[in-house]
Amino acid sequence: MSKDAVDTAKAASRTDAAATPADAGDAGYSKDLKARHVNMIAIGGAIGTGLFLGAGGRLHNAGPALALAYLVCGVFAFFVVRALGELVLYRPSSGSFVSYAREFLGEKGAYVAGWMYFLNWSTTGIADITAIALYTHYWSLFTDIPQWVLALIALAVVLAVNLISVKIFGEMEFWFAIVKVATLVAFMLVGIFLLATQYEVGGTTPGLSVITDHGGFLPHGMMPVVLVMQGVIFAYAALELVGVAAGETAEPEKVVPRAVNSIMWRVGLFYVGSVVLLALLLPGSVYSADQSPFVTVLSKIGIPAAGDVMNLVVLTAAMSSLNSGLYSTGRILRSMAMAGSAPRFTARMNRNQVPYGGILLTCAVCVLGVGLNYLMPSQAFEIVLNVASLGIISTWVIIMICHLVFVRRAKAGLVTRPSFRLPGSPVTEIVTIAFLLAVLGLMGNDPDVGRKTLLLIPVIAALLVGGWFAVRRRVTRDEDRELANLTK
């Protein structure tokens, strides 16, 4: 059956989209996510291990210029989520960009988008459980417990929570996000107070002199800033959760624009603002990859309990990120399974309308991460961070390509663009894609991890090609069946 025939039938059927979902994977979900849930998911998902743990090692390597890296990557992240927001208002779907890739790029595009996103979040899940174990080791009570045991316990707890219902997920993410945002605000207020009063932090007087006396804005040159870009992209990797969550909210046309538009100023405040403060409080060389930079600062101001409290908060942030990863991959895999490009069991839903099959598959990969924590506890976080970056960069590129095709079809009169739009199309999409590919290429300048990660691309490509040949007949049968249902 030709792709054009399927697209034509789908377009014709969309006149009654409310009654019959355009994507079969959207059927069966509840609409229990409220506006406050989606608003906090939009920013809360991104405030996780990438900022709370990853910023420490990046400050050590790149210095104060890390703030510029966060700003630049934040602008492009906003473009991506704005493009996705426009697609969501065109047609909300729990399958999100996989569903849009299916419509605008065909089943092969959806297949690549879905499995690369699964790669992103399954490896991000490994990073999260690694971070949880590292955070827990901060307390002497847990230092004798192996890192892999703590990682396994964290995974089991979050899995249990995620399988209950989407309403519980939304409520937990709401409060997780409230805690993270409130803590960042509190830290920034403390940081501003320390700056204003010139209160010594670990023997260092805060201020611009901390930067100027330790190598300036670029203490190690420009290359380390460039090399941390993929890690910064990883820090923003959950912003696209807005698109997935929109499929389970009753009024996406009202909720999504507010959530998307709030992302830009929040990124500037929480990411760029907090990194600038960190750079003004302590030299970059004091921070390290194995401890949250916020914990480093608060532990040095003479209040030991401050570090304990902050560590508990960042532990919560990692749990939240893991929770979000299981949520999103469950929905994405179900959309793929309904089209035949993922295992059938990932389409299964429990009585609480939760796609437990996909969630369990993601957990299975995370269990491999428990093994990684056993074999290479000191390198586990950086290894999976780089692999996750491959997944998120490819996902964002596919979102922008989908938007390009969507705009082209709108100009041809085949679809109608909503009033909420990505500005500057098609230049914005092209520049964003070029930037993301440049970040990917620059990973080759990192001989320790980045270059080895790039060597995985041919392996991943071979696995995707082999997988496609394994599922293409089933995909074709499902396309034919869907076309027959649409044309009845």
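Everything discussed here concerns the structure shown above.
Okay, so let's go over this structure. (Residues numbered from 1 in each chain as written. Predicted model: local features only at pLDDT ≥ 70, side-chain atom pairs only at ≥ 80, totals over all residues. Heavy atoms only, no water.)

## So, the packing of aromatic side chains
What the rule picks out here adds up to 14 aromatic pairs. Here the aromatic rings of phenylalanine 97 and tyrosine 117 are separated by 4.6 Å at their centres, their planes lie at 75 degrees, and the arrangement is edge-to-face. Placement of the pair is phenylalanine 97 in helix α6 (residues 96-105) and tyrosine 117 in helix α7 (residues 107-136), with a sequence separation of 20 residues. A single burial state applies to phenylalanine 97 and to tyrosine 117, both of which are buried. Against the face of phenylalanine 420 rests arginine 82, its NZ or CZ located 4.1 Å from the ring centre. (Phe/Tyr/Trp six-rings, centres within 6.5 Å; stacked < 30°, edge-to-face > 60°. Helix = DSSP H or I, 4+ residues; strand = E, 2+ residues; numbered from the N terminus. Buried < 20%, exposed > 50% of the residue type's maximum accessible area, 1.4 Å probe, protein only. Lys NZ or Arg CZ within 6 Å of the ring centre and 35° of its normal.)

## Focus on a nonpolar patch on the surface
On the surface, a cluster of nonpolar side chains totalling about 430 Å² of accessible area is made up of Leu68, Leu71, Phe217, Leu218 and Met222. Relative to the elements of secondary structure, leucine 71 occurs in helix α5 (residues 66-90). The class of leucine 71 is partly exposed, set by a relative accessible area of 40%. (Patch = residues over 30% accessible without salt bridge, like charges linked within 9 Å, V, L, I, M, F, W, Y side chains within 5 Å. Areas by Shrake-Rupley, 256 points an atom, 1.4 Å probe, with all protein chains shown as cover. Salt bridge = Lys/Arg side-chain N within 4 Å of Asp/Glu carboxyl O.)

## Comments concerning a positive patch on the surface
Together, Lys108, Arg472, Arg473 and Arg477 line one region of the surface with positive charge. No other element matches helix α21 (residues 456-486), which puts 3 residues into the positive patch. As for its placement among the helices and strands, arginine 473 is situated in helix α21. Relative accessible area serves as the criterion here: at 66%, arginine 473 is assigned to the exposed category. (Lys, Arg positive; Asp, Glu negative; His and termini not counted. Charge placed at Lys NZ, Arg CZ, Asp CG, Glu CD.)

## Notes on α7
Compared with an ideal rise of 1.5 Å per residue, which puts 30 residues at 44 Å, α7 spans 43 Å between its outermost C-alpha atoms and is within 8% of the ideal. Burial analysis of α7 places 27 of its 30 residues in the buried class, the great majority of the element. (Expected span 1.5 Å × (residues − 1).)

## Examining the pattern of salt bridges
Taken as a whole, this structure holds 3 salt bridges when the rule is applied. When the shortest N-O distance is used, the salt bridge between arginine 417 and glutamate 86 registers 2.5 Å. Pair noted here: arginine 417 is in the loop between α18 (380-411) and α19 (427-442) and glutamate 86 is in helix α5, with a separation of 331 residues, a long-range link. By relative accessible area, which is 0% here, glutamate 86 ends up buried. The residue arginine 91 makes a salt bridge to glutamate 103 at a minimum N-O spacing of 2.9 Å.

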